[in-house]
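Okay, here's what each chain looks like letter by letter:
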Amino acid sequence: MVEPPAVEPLAAVSAVASAAVAASGPVVAEPVAGWRDRLRPYRAVLASRARSQLSYRTNFVLDLVSSLLSAVVELAEVWVVFHAATRLGGLEFRQMLLVFGLADLAFSLADLVFGHCDRLPTYLRAGMLDVFYLRPQPLLAQLITSEVSLRRLARASVGLVALVVGLVLCDIDWRPAAVVLLVSSLLSGVAVFAALFVAAGGLQFFLVDGREMTNAFVYGGRYAATQPASVWGRPLRLVFGFFVPMAFTGYLPALVLLGLPGPVWLPGWLGWCAPVAAVWAWSVALGCWRLGVRHYQGGGG
Amino acid sequence: MRVTVRVYWLLLAAGFRRQATYRLAALSGLVTNVTFGLLKVAVLLGAVRAAGGEVGGYDVAQMSTYIWLSQAMLGSVNFWGASEFAERIKDGQVAVDFLRPLDVQAATVTVEVGQGLFAFLPRGVPQLAIGGLVVGMTWPRSVVLVVLGVVSLLMAVVISAATVYLVATAGFWLVETRGVQLVYMVASGFLAGLFVPISLFPRWLELVAQATPCPSMLMYPVTILADRVDVAGACVLLAVQGFWLVVVGGAGQVLTRAGRRRLEIQGG
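Everything numeric here is computed off the predicted structure, so don't read it as measured data.

The rules we used
- Residues numbered from 1 in each chain as written.
- Chains lettered and ligands numbered in written order.
- Predicted model: local features only at pLDDT ≥ 70, side-chain atom pairs only at ≥ 80, totals over all residues.
- Heavy atoms only, no water.
- Helix = DSSP H or I, 4+ residues; strand = E, 2+ residues; numbered from the N terminus.
- Buried < 20%, exposed > 50% of the residue type's maximum accessible area, 1.4 Å probe, protein only.
- Contact = heavy atoms within 4.5 Å.
- Areas by Shrake-Rupley, 256 points an atom, 1.4 Å probe, with all protein chains shown as cover.
- Rg over C-alpha atoms; globule rule 2.2 N^0.38 Å.
- Lys, Arg positive; Asp, Glu negative; His and termini not counted.
- Charge placed at Lys NZ, Arg CZ, Asp CG, Glu CD.
- Buried area = accessible area lost by both parts, 1.4 Å probe.
- Salt bridge = Lys/Arg side-chain N within 4 Å of Asp/Glu carboxyl O.
- Polar contact = N/O pair within 3.5 Å; in protein donor to acceptor, adjacent residues only side chain to side chain.
- Nonpolar A, V, L, I, M, F, W, Y, C, P; charged D, E, K, R; others polar.
- Axes fitted to C-alpha atoms, helices over the stretch in contact; angles between N-to-C directions.
- Parallel < 35°, antiparallel > 145°, perpendicular 65-115°, else oblique.
- Expected span 1.5 Å × (residues − 1).
- Phe/Tyr/Trp six-rings, centres within 6.5 Å; stacked < 30°, edge-to-face > 60°.
- Arc of directions from axis to C-beta.
- Patch = residues over 30% accessible without salt bridge, like charges linked within 9 Å, V, L, I, M, F, W, Y side chains within 5 Å.
- pLDDT = per-residue confidence, 0-100.
- Core = buried A, V, L, I, M, F, W, Y, C linked by side-chain atoms within 4.5 Å.

### A look at the overall build of chain A
Okay, so step 1: The helix and strand tally for chain A stands at 13 helices and zero strands.
Okay, so step 2: Taken from the N to the C terminus, the helices and strands of chain A come in the order α-α-α-α-α-α-α-α-α-α-α-α-α.
Okay, so step 3: Per-residue burial for chain A yields a buried fraction of 57% across its 301 residues.
Okay, so step 4: Counting contacts in chain A only where the partners sit at least 6 residues apart, residues at least 24 apart contribute 76% of the total.
Okay, so step 5: When the accessible surface of chain A is split by element, carbon and sulfur atoms take 70% of a total near 12,600 Å².

### A short note on the overall build of chain B
Okay, so step 1: When helices and strands are tallied, chain B shows eleven helices and zero strands.
Okay, so step 2: When the helices and strands of chain B are placed in sequence order, the string is α-α-α-α-α-α-α-α-α-α-α.
Okay, so step 3: Radius of gyration (C-alpha) of chain B: 19 Å, near the 18 Å computed for a compact globule of 268 residues.
Okay, so step 4: Expressed along its principal axes, the backbone C-alpha trace of chain B runs to roughly 65 × 40 × 35 Å.
Okay, so step 5: In chain B, which comprises 268 residues, the share counted as buried stands at 55%.
Okay, so step 6: Taking all contacts inside chain B whose residues are at least 6 apart in sequence as the whole, residues at least 24 apart take part in 80%.
Okay, so step 7: Within chain B, one finds 19 positive and 13 negative side-chain charges whose respective centroids are separated by 6 Å.

### Overview of the interface of chain A and chain B
Okay, so step 1: Contact residues are listed per partner, giving 41 residues for chain A and 38 residues for chain B.
Okay, so step 2: Here chain A meets chain B over a buried area of about 3,600 Å², counting both sides, of which 77% is carbon and sulfur.
Okay, so step 3: Two residues, Glu212(A) and Arg123(B), come together in a salt bridge whose shortest N-O distance is 3.4 Å.
Okay, so step 4: Linking chain A with chain B are three residue pairs in polar contact (both at pLDDT 80 or more).
Okay, so step 5: Classifying every residue of the side of chain A that touches chain B gives 26 nonpolar, eight polar and seven charged.

### Some words on the environment of Ser149(A)
Residues and elements named next belong to chain A.
Okay, so step 1: Counting through the fold element by element, Ser149 comes out in the loop between α7 (139-144) and α8 (152-169).
Okay, so step 2: Given a relative accessible area of 6%, Ser149 falls into the buried group.
Okay, so step 3: Residue contacts for Ser149: discarding those within four places in its chain leaves Gln53 and Leu112.

### Topic: the packing of helix α9 (residues 176-207) of chain A against helix α12 (residues 251-258) of chain A
In a pair of packed helices, the angle between the axes and the distance between the axes together describe the arrangement.
Residues and elements named next belong to chain A.
Okay, so step 1: Interhelical geometry of α9 versus α12 gives an angle of 170° and a closest axis separation of 10 Å. In terms of orientation, α9 lies roughly antiparallel with respect to α12. Judged by residue contacts, Ala178, Leu181, Leu182 and Ser185 of α9 engage Pro253, Val256 and Leu257 from α12.
Okay, so step 2: Of the residues assigned to the contact of α9 with α12, the class counts are six nonpolar, one polar and no charged.

### Overview of α8(A)
Residue and element names in this part refer to chain A.
Okay, so step 1: The terminal C-alpha atoms of α8, which comprises 18 residues, lie 26 Å apart, in line with the 26 Å expected from a rise of 1.5 Å per residue.
Okay, so step 2: Burial in α8 covers these residues: Arg152, Ala154, Arg155, Ala156, Val158, Gly159, Ala162, Leu163, Gly166 and Leu167.
Okay, so step 3: Structurally, α8 contributes buried residues whose contacts are with α3 (57-85), α4 (93-114), α9, α10 (215-225) and α12.

### As for the packing of aromatic side chains
Okay, so step 1: Inspection of the entire model under this criterion finds 20 aromatic pairs over all chains.
Okay, so step 2: Residues Phe205(A) and Tyr296(A) carry aromatic rings whose centres are separated by 5.4 Å and whose planes lie at 50° to one another, so their mutual orientation is tilted. Residue Phe205(A) is located in helix α9, and its partner Tyr296(A) is located in the segment after α13 (274-295); the two are separated by 91 residues in the primary sequence. Each member of the pair, Phe205(A) as well as Tyr296(A), carries the same accessibility label: buried.
Okay, so step 3: Between Phe85(B) and Tyr165(B) the ring centres are 4.7 Å apart and the planes differ by 20°, which places this aromatic pair in the stacked class. Residue Phe85(B) is found in helix α4 (residues 84-91), and its partner Tyr165(B) is found in helix α7 (residues 143-169); the two are separated by 80 residues along the sequence.
Okay, so step 4: Judged by relative accessible area, Phe85(B) falls into the buried class, the value being 5%.
Okay, so step 5: Linked through ring pairs, Phe107(A), Phe193(A), Phe197(A) and Tyr219(A) together constitute an aromatic cluster.

### A word on helix α11 (residues 234-243) of chain A
Residues and elements named next belong to chain A.
Okay, so step 1: Among all positions of α11, only Leu236, Arg237, Phe240 and Gly241 are buried. When α11 is viewed along its axis, its buried side chains cluster within an angular range of 100° and face the same direction. The outward face of α11, more than 90 degrees from its buried face, is lined by the exposed residues Pro235 and Phe243.

### Some details on the side chain of Ser216(B)
Okay, so step 1: Examined against the element boundaries, Ser216(B) turns out to sit in the loop between α9 (203-210) and α10 (219-225).
Okay, so step 2: With residues up to four places along the chain from it excluded, the contact list for Ser216(B) reads Ala156(B), Ile159(B), Pro221(B), Val240(B), Gln241(B) and Trp244(B).

### Some points on a nonpolar patch on the surface
All names here are of chain A.
Okay, so step 1: There is a patch of nonpolar side chains on the surface, built from Leu160, Val161, Val164, Val165, Val168 and Leu169 and spanning about 520 Å² of accessible area.
Okay, so step 2: Note that Leu169 resides in helix α8.
Okay, so step 3: You can call Leu169 partly exposed: its relative accessible area is 48%.

### Structural notes on the pattern of salt bridges
Residues and elements named next belong to chain A.
Okay, so step 1: Tallied over the entire structure, the rule returns 15 salt bridges over all chains.
Okay, so step 2: Here Arg87 makes a salt bridge to Glu92, at a shortest N to O gap of 3.2 Å.
Okay, so step 3: Classification of Arg87 as partly exposed rests on a relative accessible area of 41%.
Okay, so step 4: Here the salt bridges do not stand alone but share partners, grouping Glu74, Asp104, Arg155 and Arg222 into one network.

### Some remarks on the confidence of the model for chain A
Predicted coordinates in areas of low pLDDT are best not read in detail.
Okay, so step 1: Chain-level statistics for chain A give a pLDDT mean of 86 and a share of 88% at 70 or above.
Okay, so step 2: Low confidence marks residues 1-30 of chain A, where pLDDT is under 50. Its contacts with residues over four positions away, or in another chain, come to 56 contacts.

### Some words on the nonpolar core
Okay, so step 1: Ranked by size, the top nonpolar core spans 159 residues in total, and within it Trp232(A), Met246(A) and Met63(B) carry the most contacts.
Okay, so step 2: Per-element accounting of this core gives the leading share, 15 residues, to α9(A).
Okay, so step 3: Not counting residues up to four positions away in its chain, the partners in contact with Met246(A) are Val192(A), Phe193(A), Leu196(A), Gly221(A), Arg222(A), Ala224(A), Ala225(A), Phe240(A) and Gly241(A).
Okay, so step 4: Judged by nonpolar contacts, the second largest core, of five residues, contains Ala50(A), Leu112(A), Val148(A) and Leu150(A).

What follows is the structure in structure tokens.
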């Protein structure tokens, strides 16, 4: 639910700026460059961000530990509820591990790469976005590749362990279709959460001071995704089942793997439709981003 | 004495007014809190029903009071661990604070409490209204308990501000306090019973939580106002809060004095 602040965003601005300027040189000089050349500036920026995080060893270790702790506490919240109630929404805790693992692993991986997108107001205030406009690369691609939070790897490891334990403890019929479902749901889940971050970024152009508003669907979404969707009432099923398709990141695919029927409005076969949810989420996200960029008038710098 | 009281009153009012300036921020916080509140309702009321109408001593109406009251308090208590004072230690402005004829700890905590009290208007009251209208809540059976509950709520805001101040004093010794803040952020909300009431915890985990000041910042006032204790029980909880306020406040005083001797302002 809570979100650690970015690693000194202003320091990141200058590091990214210098790295990108250095790296984008050849691309400008040679317009008909191959895709490898086109990716080079992004790679250079990402590598510089990774190096900068690794160079402050103590800080990085503390970041890893706190990132790990936050995921453990989130899992503990789920566990405590099941400890008190044994069964919830038709699921036992071991089945819930599957839902939590799928959703939380997808969220962590998306957060690793896209997590800084909803901190756009910081970039707007620092005038960093105006710097992006000067470079011959798409704005959104630059924003996404301007930062990578390696500490989220610790978070992802908790989701992965929960998923593996869930898969082992639950009785799953391992047909090839199950493997396809697992992989496609996980990839779609990452895409859905990534879309949430991008949508939040687009909306931040309007909100600025009200940046906390997007936490409702980004972190609220993460919280919703790690719940059994069957406990939701109809309004929540509409909002977090379909509009912000959180049920598709964990609960619905888990139902298919477990061979369980779903509740009203969320039948089990929807578990196969996670890729559709990803396409929907990205169309909304790109729409939000486009609106935001059109609204933006510059940082006044 | 009267002058001192007036100064702190002005600081409290200044904190209150400062929060009033950021209306969109308050609205955003409200939207987010309500979303989380509705999700908590789904899970926790689901758990109450799944357990046969009562879980950890909470029935449906009491659980609803717990959910909306704890959500309502989120703007007023600080589970983030970050504070302006931590920034002031880092950038050296704290030197100016030490030159003022005021106790640094008391002044900082007072402003923070003022901000917290304001936040209860745009973020707290609407959520209690939503909770009361949409889900239904229970309240204490006697006026005495309501009064004790409100006192406990105020204590919670002060204890939270004093604890965050304590976290910030780590900055006198460490250059980068982000790690300390992050650990506080991760642990405090959970141990305060923000996501699940601590009476639902397994016994050992409940004891761990009770050994920290965290439940005093949220769980105890909610316990009183959700009608879970009688007057004697409420007085015990208030005494526990008083104990933690003395511990946290005392530690803050000691560390401020030690830190002041340690403080080194970089640059000219």
